[in-house]
Amino acid sequence: SQQKRETLMPLPSLIYVADPMCSWCWGFSCSIDALRKHLVDEVSIQMVMGGLRAGNTQIMDEKLRDYVLSHWVNVHKASGQPFNFVFNMPQGFIYDTEPACRAIKTADNMAPSLSSDMAFCLMEHIQREFYEFNKDVTNTDVLQKAAQDCGLDGATFLNLFLSNSIKQTCKADFLRARELTVTGFPTLIGEYSGQFTTLAPGYMSAKQLIEVVDNWLNKIKQKPA
């Protein structure tokens, strides 16, 4: 009966609220990667798209460009992640994070059994293209190429990416992020037995993050069944 009770215990899970075009999430990507390797299959990590500037229609001007670059400098100093500080976007570039978020949800949908791995693979590819290679990741062709680099079929990806169902799935993520009262990205939340605990309310080094998550998991294990 003890064994049976243990099998009925709810499993802890992690919710990672992020946005591919949020530079602090690029800084955090090494930390979350280290955490995933550390935990292996111990805990599921689900990625929820935050929608940092989803649906933004403002053409990027010098003021916004300087604001974005100041963040990039800070993230680079804190995390050591590579950035191309030229940040040479095409004329009329609109910093809309919805397409990149939708691309992640498309990858998730195409490979549900590998959804976490596929979503993280595409997240990393999109981030690298944007921050390191100054590619316009609001562009569908750029996102399709990133998906193909992760091993997804390009035509299937494109059809799903342009579908209304994926647009709605993406909107549902933005709503969920708000329901979780997330105000900044990255945010890592632990969920256990209906209880939500904010573990990382922003950037943390890999060492800090692993320590915080391990402490949370150890507390859960000590709780009486």
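All figures in this text were calculated on a predicted structure; none of them were measured in a lab.

Visitor: Can you tell me about the nonpolar core, naming the residues and giving the values?
Guide: L14, Y16, L35, F87, L122 and F130 are the most contacted members of the largest nonpolar core, which totals 70 residues. If you tally residues by element for this core, the top one is helix 5 (residues 115–132), at 8 residues. Once residues lying within four places of it in the same chain are set aside, the contact partners of L14 are L35, L39, V43, S44, I45, Q46, L188, I189, G190, L199, V213 and W216.

Visitor: I'd like to hear about the environment of D66, residue by residue, with values.
Guide: The topology assignment puts D66 in helix 3 (residues 62–79). The spatial distance from the C-alpha of D66 to the C-alpha of F87 is 9.9 Å, given a sequence separation of 21 residues.

Visitor: So, the sheet that holds strand 2 (residues 44–49): which residues are in play, and what are the values?
Guide: Spatial strand order, 2-1-3-4: 4 strands in an open sheet with mixed pairing. Lying at the two open borders of the sheet, with one neighbouring strand each, are strand 2 and strand 4 (195–200). Taken pair by pair, the neighbouring strands of this sheet meet at an average axis angle of 25°, ignoring direction. Note: strand 1 (residues 13–18) against strand 3 (residues 187–192), 5 bridges, orientation antiparallel. By the bridge assignment for strand 3, V17 is matched with T187. Strand contacts of helix 2 (residues 23–39): strand 1, strand 2, strand 3 and strand 4, with the helix running at about 165° to strand 1, the strand carrying the most contacts.

Visitor: Requested: an account of the pairing of strand 4, with residues and values cited.
Guide: Two elements, strand 3 and strand 4, share 5 bridges in a ladder whose sense is antiparallel. Bridging across to strand 4, E191 finds its partner in F196. The antiparallel hairpin formed by strand 3 and strand 4 contains 2 residues in its connecting segment, where S193 sits at a positive phi of about 55°.

Visitor: Residue-level account of the state of the cysteines, with values.
Guide: Note: disulfide means a covalent bond formed between the sulfur atoms of two cysteine side chains. Following the criterion strictly, the structure yields 1 disulfide and no others. In this model C121 forms its disulfide with C150; the gap between the sulfur atoms is 2.3 Å. Since a negative S-S torsion denotes a left-handed disulfide, the C121-C150 link at about -100° is left-handed. Of this pair, C121 sits in helix 5 while C150 sits in the loop between helix 6 (140–149) and helix 7 (154–161), and the two are 29 residues apart along the sequence. Just so you know, C30 is unpaired, no disulfide at all, and the nearest cysteine sulfur is the one on C25, 13 Å from it. Residue classification places C30 among the partly exposed positions, given a relative accessible area of 43%. Free cysteine C101: the closest other cysteine sulfur is in C170, separated by 5.3 Å.

Rules of the game
- In this numbering scheme, every chain counts its residues from 1 along its sequence in written order.
- Owing to the predicted nature of the model, reporting of local features is limited to residues with pLDDT of at least 70; listing and counting of side-chain atom pairs is limited to 80 or more, with chain, interface and lining totals taken over all residues.
- Side-chain descriptors were evaluated using all non-hydrogen atoms of the structure, hydrogens and water having been removed beforehand.
- Buried Ala, Val, Leu, Ile, Met, Phe, Trp, Tyr and Cys residues form a nonpolar core when they are joined through side-chain atoms within 4.5 Å.
- Only protein chains enter the accessibility calculation, which uses a 1.4 Å probe; a residue is then buried when its area is under 20% of its type maximum, exposed when over 50%, and partly exposed in between.
- For helices the rule is a DSSP run of H or I covering at least 4 residues; for strands it is a run of E covering at least 2, with both sets numbered from the N terminus onward.
- We call two residues in contact when some of their heavy atoms are within 4.5 Å.
- Paired strands are those between which DSSP finds at least two bridges.
- Each axis is a line fitted through C-alpha atoms, and for a helix only the stretch in contact is used; angles between axes span 0 to 180 degrees, taken between their N-to-C directions.
- Note that a disulfide, as used here, is simply two cysteine sulfur atoms within 2.5 Å.

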